[in-house]
Amino acid sequence: MSTSTDTPLTLFWSPGACSFVPHVALCETGLKFDLVLAKVGHRTKEFEAINPKRRVPVLVMNNEIITEMAAVLTAIATAAPEAHIFGQTPLEKIHVYEWLNYLSTTAHGQIIAEIWRTERFTNNKEIYPQLRAKGY
Ligand SMILES: N[C@@H](CCC(=O)N[C@@H](CS)C(=O)NCC(=O)O)C(=O)O
């Protein structure tokens, strides 16, 4: 993977989704990048071919497809080390990964999904309110 500032970068994003995080990180680095809208709930076959998991964020870096928030942010941090988006010290980097893992797994996969993607947990719509209440 090249880490030059000339590396072509494309971020697939959706309004109101977690893809705003790598969007902000890219802005902070000062790197040039393209944005492609991949709206949650309105995904195209083209997007599914890029990420069969049908999730944003997706970063395409030098034709390499990178998915999953921690990997996407690591790629951005690696492309612009002078921006220190993972902090200045090894301990700061460790704590960034600590938060990233919590947010991507427990918070995102469980809490947020329970509230916004309740259908992933049960087919019984009658218990949606209870499940959503557990998410809050
Ligand atoms: N584990 C993934 C989760 C990504 C994810 O779930 N993103 C949401 C947007 S915040 C999404 O694309 N959801 C699509 C859906 O639920 O259909 C990561 O860390 O990148």
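On a predicted model such as this, the values are computed, not experimentally measured, just so you know. (Residues numbered from 1 in each chain as written. Predicted model: local features only at pLDDT ≥ 70, side-chain atom pairs only at ≥ 80, totals over all residues. Heavy atoms only, no water.)

*Asks:* Can you walk me through unusual backbone geometry in this structure?
*Replies:* Trans is the prevailing form of peptide bonds, just as negative phi is the prevailing case for residues other than glycine. Omega for the peptide link from V56 to P57 comes to 5°, which places this bond in the cis form. Structurally, P57 is set in the loop between helix 2 (45-50) and strand 3 (58-61). Here the phi dihedral of H84 falls at roughly 50°; this positive angle occurs in a residue that is not glycine. The topology assignment puts H84 in the loop between helix 3 (69-79) and helix 4 (90-116). (Helix = DSSP H or I, 4+ residues; strand = E, 2+ residues; numbered from the N terminus.)

*Asks:* What is the right way to read the site of the ligand from this model?
*Replies:* In the vicinity of the ligand, 14 residues are found, and the nearest of them are V56, E68, H108, R117 and R120. Interatomic distance of 2.8 Å between a side-chain N/O atom of R117 and an oxygen atom of the ligand. In the complex, the protein chains occlude 83% of the 520 Å² of accessible area that the ligand would expose alone. Across the shell around the ligand, the residue classes tally to six nonpolar, two polar and six charged. (Near = heavy atom within 4 Å. Polar contact = N/O pair within 3.5 Å; in protein donor to acceptor, adjacent residues only side chain to side chain. Areas by Shrake-Rupley, 256 points an atom, 1.4 Å probe, with all protein chains shown as cover. Nonpolar A, V, L, I, M, F, W, Y, C, P; charged D, E, K, R; others polar.)

*Asks:* Would you mind showing me how to read the sheet that holds strand 2 (residues 34-37) here?
*Replies:* Strand pairing in a sheet relies on backbone hydrogen bonds. The paired strands run either parallel or antiparallel. Strand order in the open sheet made by the four strands is 2-1-3-4, with mixed pairing throughout. Across the chains shown, the open sheet's two edge strands, defined by having one partner strand only, are strand 2 and strand 4 (64-67). Across the sheet, the mean angle from the axis of one strand to that of its neighbour is 20°, orientation sign disregarded. Note that strand 1 (residues 9-13) and strand 2 share four bridges and pair parallel. Opposite L11, over in strand 2, you have L35 as the bridge partner. Of the strands in this sheet, strand 1, strand 2 and strand 3 touch helix 1 (residues 20-29), which is tilted by about 150° from strand 1. Its contacts with the sheet place helix 3 against strand 3 and strand 4, and it is angled at close to 125° to strand 4. (Pairing = 2+ DSSP bridges. Axes fitted to C-alpha atoms, helices over the stretch in contact; angles between N-to-C directions. Contact = heavy atoms within 4.5 Å.)

*Asks:* I'm lost on the domain arrangement of the chain in this one. Help?
*Replies:* A common way to report how large an interface is uses the accessible area buried once the components associate. According to the domain assignment, the chain consists of domain 1 (9-83) and domain 2 (90-135). Facing the seven residues of domain 1 at the interface are six residues of domain 2. With both chains or domains summed, domain 1 and domain 2 bury close to 520 Å², and 56% of this area falls on carbon and sulfur atoms. Connecting domain 1 to domain 2 are zero salt bridges. (Domains from an automatic or database assignment. Buried area = accessible area lost by both parts, 1.4 Å probe. Salt bridge = Lys/Arg side-chain N within 4 Å of Asp/Glu carboxyl O.)

*Asks:* So what exactly am I meant to see when it comes to the side chain of T29 here?
*Replies:* Within the element layout of this structure, T29 appears in helix 1. By relative accessible area, which is 12% here, T29 ends up buried. In this structure the side chain of T29 is engaged in a polar contact, spanning 2.6 Å, whose partner is the backbone oxygen of L26. Excluding its chain neighbours within four sequence positions, the residues that come into contact with T29 are I76, A80, A83 and I85. (Buried < 20%, exposed > 50% of the residue type's maximum accessible area, 1.4 Å probe, protein only.)

*Asks:* In this structure, what is going on with the packing of aromatic side chains? I would like to understand it.
*Replies:* Within this structure, the stated rule accounts for three aromatic pairs. For the pair F86 and Y97, a centre-to-centre distance of 5.1 Å together with 75° between the ring planes defines the contact as edge-to-face. Remark: Y97 occurs in helix 4 and F86 occurs in the loop between helix 3 and helix 4; sequence separation between them is eleven residues. The buried category is assigned to F86, whose relative accessible area is 7%. (Phe/Tyr/Trp six-rings, centres within 6.5 Å; stacked < 30°, edge-to-face > 60°.)

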